[in-house]
Amino acid sequence: SPLGLNEGDPADLAIFDYIPATPLNDNTFLGHFIFGITESQAQWVIKGDKVLLDDFKIKPKYEDLINRRMEISKDLFDRFEGLEKL
């Protein structure tokens, strides 16, 4: 798959610092996601078995990712644009 989500691959996980001000359920999730979660800071980021961000602090050996963030995000959006339309 072009997104790298293959069976057997380790999962990537991001945990955000988000405390909802209103109930969070199936009916309200989209609103929370758009207006709350996307505006929250990532607190932990785990890629495979590597912790990249630990309690808001980037691990020193991954600081190069900060320096390459624009290149990385452009590559990500290019991959989305390359997907077939549903």
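Quick look at the structure, then. (Residues numbered from 1 in each chain as written. Predicted model: local features only at pLDDT ≥ 70, side-chain atom pairs only at ≥ 80, totals over all residues. Heavy atoms only, no water.)

1. Concerning the environment of Asp-54
Here Asp-54 is to be found in strand 3 (residues 50–54). Spatially, the C-alpha atom of Asp-54 lies 6.6 Å from that of Gln-43, the residues being 11 residues apart in sequence. Once you skip the residues sitting within four places of it in the chain, Asp-54 turns out to touch Gln-43, Trp-44 and Lys-59. (Helix = DSSP H or I, 4+ residues; strand = E, 2+ residues; numbered from the N terminus. Contact = heavy atoms within 4.5 Å.)

2. Here we look at the pattern of salt bridges
By the definition in use, this model includes three salt bridges. A salt bridge links Asp-12 to Lys-47, with the nearest nitrogen and oxygen atoms 3.4 Å apart. On the criterion of sequence distance, the pair formed by Asp-12 in strand 1 (residues 12–16) and Lys-47 in strand 2 (residues 42–47) is long-range, its members being 35 residues apart. A relative accessible area of 48% means that Lys-47 is categorised as partly exposed. (Salt bridge = Lys/Arg side-chain N within 4 Å of Asp/Glu carboxyl O. Buried < 20%, exposed > 50% of the residue type's maximum accessible area, 1.4 Å probe, protein only.)

3. Looking at the sheet that holds strand 4 (residues 57–58)
Read from one edge of the open sheet, four strands run 1-2-3-4, paired in antiparallel fashion. At either margin of the open sheet sits one strand with a lone partner, and together these are strand 1 and strand 4. Examined bridge by bridge, strand 3 and strand 4 share two bridges and lie antiparallel to one another. Across the sheet, Asp-54 pairs through a bridge with Lys-57, a residue of strand 4. (Pairing = 2+ DSSP bridges.)

4. A few points about a nonpolar patch on the surface
A cluster of nonpolar residues, Leu-24, Phe-29, Leu-30, Phe-33, Ile-34 and Phe-35, forms a patch on the protein surface that exposes about 640 Å² of accessible area. Assignment of secondary structure puts Leu-30 in helix 1 (residues 29–35). Overall, the relative accessible area of 55% leaves Leu-30 in the exposed class. (Patch = residues over 30% accessible without salt bridge, like charges linked within 9 Å, V, L, I, M, F, W, Y side chains within 5 Å. Areas by Shrake-Rupley, 256 points an atom, 1.4 Å probe, with all protein chains shown as cover.)

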